[in-house]
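Structural characterization, general
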Amino acid sequence: MALAQEKYYTTEDYYNMPEEIRAELIEGQIVYMATPSTQHQRISGRLYAAIFNYINAKGGDCEVFPAPFSVQLCKEDDTIVEPDISVICDPDKITERGCLGAPDWIIEIVSPSNAKHDYITKLSLYSNANVKEYWIIDAEQNKIYVYDLQDNKLVLSPYTFRDKIKVGIY
């Protein structure tokens, strides 16, 4: 008796999904996402505003995009993620569909239902795709974990929400 095999989805399958479905494509598999909580949206909105205002005040070339914003980490790969916040400094990576290639800086806000996804799966994906910096915001722990993926370093002590954090890509 043959075992049932999972369907392998492509980037075109992903882009042809109905817009109201929140999902990511991880190595050919669809991963459905829960609707973000109010707390999640507050954190995301405040971070987006602070980053956007900082870049504009400094006359920076980078652009910041909040979710939903599709990021295809590698052109040849069937993986598309939707980080909570993406900062992209190479305008050639920005397309009408989102970002093609690794953003310079990604921020994910952990939801209780997806903690493993952010701490393990996405950390590995982002590291392998050459994302320069990855932050994980964990509201339940009141912690911010900063990963310097350029130098393969985790900041040893996580930050709290009251700390000032230097962004490594600047």
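Structure: see above.
Conventions adopted
- All residue numbers refer to position in the chain's written sequence, counted from 1.
- In view of the model being predicted, local features appear only for residues whose pLDDT reaches at least 70, and side-chain atom pairs are presented and counted only at 80 or more, with totals across whole chains, interfaces and linings using the full set of residues.
- As a convention, hydrogens and water are excluded, and side-chain values are obtained from all of the structure's heavy atoms.
- When a carboxyl oxygen of Asp or Glu is within 4 Å of a side-chain nitrogen of Lys or Arg, the pair counts as a salt bridge.
- Counting from the N terminus, the helices are the DSSP runs of H or I reaching at least four residues and the strands are the DSSP runs of E reaching at least two.
- By convention a nonpolar core is built from buried Ala, Val, Leu, Ile, Met, Phe, Trp, Tyr and Cys residues, the set being connected through side-chain atoms within 4.5 Å.
- The buried label goes to any residue with under 20% of its type's maximum accessible area, the exposed label to any with over 50%, and the partly exposed label to all in between, with areas taken from a 1.4 Å probe on protein chains only.
- The pocket and cavity definitions rest on a 1 Å grid over protein atoms only: a 1.4 Å probe that fits but cannot leave marks a cavity, an open set with protein on both sides within 12 Å along at least five of seven lines marks a pocket, and residues lining either have an atom within 4 Å of a point.
- Grid points are joined across faces, edges and corners, and a volume is the space filled by probe spheres set on the points.
- Under the grouping applied here, Gly and all other residues not named as nonpolar or charged are polar, the nonpolar ones being Ala, Val, Leu, Ile, Met, Phe, Trp, Tyr, Cys and Pro and the charged ones Asp, Glu, Lys and Arg.
- When two cysteine sulfur atoms lie within 2.5 Å, the pair is treated as a disulfide.
- When two rings of Phe, Tyr or Trp (its six-membered ring) have centres within 6.5 Å they constitute a pair, described as stacked for plane angles under 30 degrees, edge-to-face for angles over 60, and tilted for the intermediate range.
- Here, over-ring charges are defined by two tests on the NZ atom of lysine or the CZ atom of arginine: distance to the ring centre within 6 Å, and angle to the ring normal within 35 degrees.

Digging into the pattern of salt bridges
Considering all chains together, one arrives at four salt bridges under this definition. Glu 12 is paired through a salt bridge with Arg 97; the nearest N and O atoms lie 3.1 Å apart. Taken together, the positions of Glu 12 in helix α1 (residues 11–15) and Arg 97 in the loop between β7 (94–95) and β8 (98–100) put the pair 85 residues apart, joining distant regions of the chain. Within this structure, Glu 24, Glu 108 and Lys 122 form a network of salt bridges that share partners.

Details of the nonpolar core
Counting residues in hydrophobic clusters, the biggest one holds 21 residues, and the most contacted among them are Leu 73, Val 81, Tyr 126, Val 131, Tyr 134, Tyr 147 and Leu 149. Those elements giving two or more residues to this core turn out to be α3 (115–128), β10 (133–138) and β11 (143–148). Of all hydrophobic cores here, the second largest spans 18 residues; its members include Val 87, Trp 105, Trp 135 and Val 167.

What to know about the layout of surface pockets
It is the rolling of a water-molecule-sized probe over the atoms that shows where space remains empty. When its volume is computed, the largest pocket comes out at roughly 660 Å³. Together, 19 residues line the largest pocket, and Leu 47, Ala 50, Trp 135, Asp 163 and Ile 165 are the ones closest to its centre. Counting residues per element, the ones that place at least two in the lining of the largest pocket are α2 (38–58) and β10. By residue number, the principal contributor to the lining of the largest pocket is α2, which donates eight residues. Residues that form the lining of the largest pocket fall into these classes: 13 nonpolar, two polar and four charged. Taken together, 13 residues make up the lining of the second largest pocket; nearest its centre are Tyr 14, Glu 19, Ile 21, Ser 70 and Glu 82. Grouping the constituent residues of the lining of the second largest pocket by class yields eight nonpolar, one polar and four charged.

Quick look at the state of the cysteines
All told, the structure shown has one disulfide when counted by the stated rule. With its sulfur 1.9 Å from that of its partner, Cys 62 forms a disulfide with Cys 89. Because the sign of the S-S torsion sets the handedness, a value of about 95° for the bond joining Cys 62 and Cys 89 places this disulfide among the right-handed ones. With a gap of 27 residues between them, Cys 62 in the loop between α2 and β3 (63–66) and Cys 89 in the loop between β6 (85–88) and β7 connect regions that are remote in the sequence. Exposure remark for Cys 62: the relative accessible area of 13% places this residue in the buried category. Left unpaired, Cys 74 is separated from the closest cysteine sulfur, that of Cys 99, by 11 Å. Distance from the sulfur of Cys 99, which forms no disulfide, to the nearest cysteine sulfur (Cys 89) is 10 Å.

Focus: the side chain of Glu 24
When you line up the elements, Glu 24 lands in strand β1 (residues 23–26). In this structure Glu 24 comes out as buried when scored by relative accessible area, which is 0%.

Some remarks on the packing of aromatic side chains
Throughout the structure, instances matching the rule amount to seven aromatic pairs. With a centroid separation of 5.8 Å and 25° between ring planes, the pair formed by Tyr 48 and Phe 52 is classed as stacked. With a gap of four residues between them, Tyr 48 and Phe 52 both fall in helix α2, about one helical turn apart. For Tyr 48, a relative accessible area of 25% corresponds to the partly exposed category. The structure contains a cluster of three or more aromatic residues connected by ring pairs, namely Tyr 126, Tyr 134 and Tyr 147. The ring of Tyr 9 carries Lys 7 above its face, with NZ or CZ at 5.1 Å from the centroid. Positioned above the aromatic ring of Tyr 15, the side-chain terminus of Arg 97 is 4.0 Å from the ring centre.

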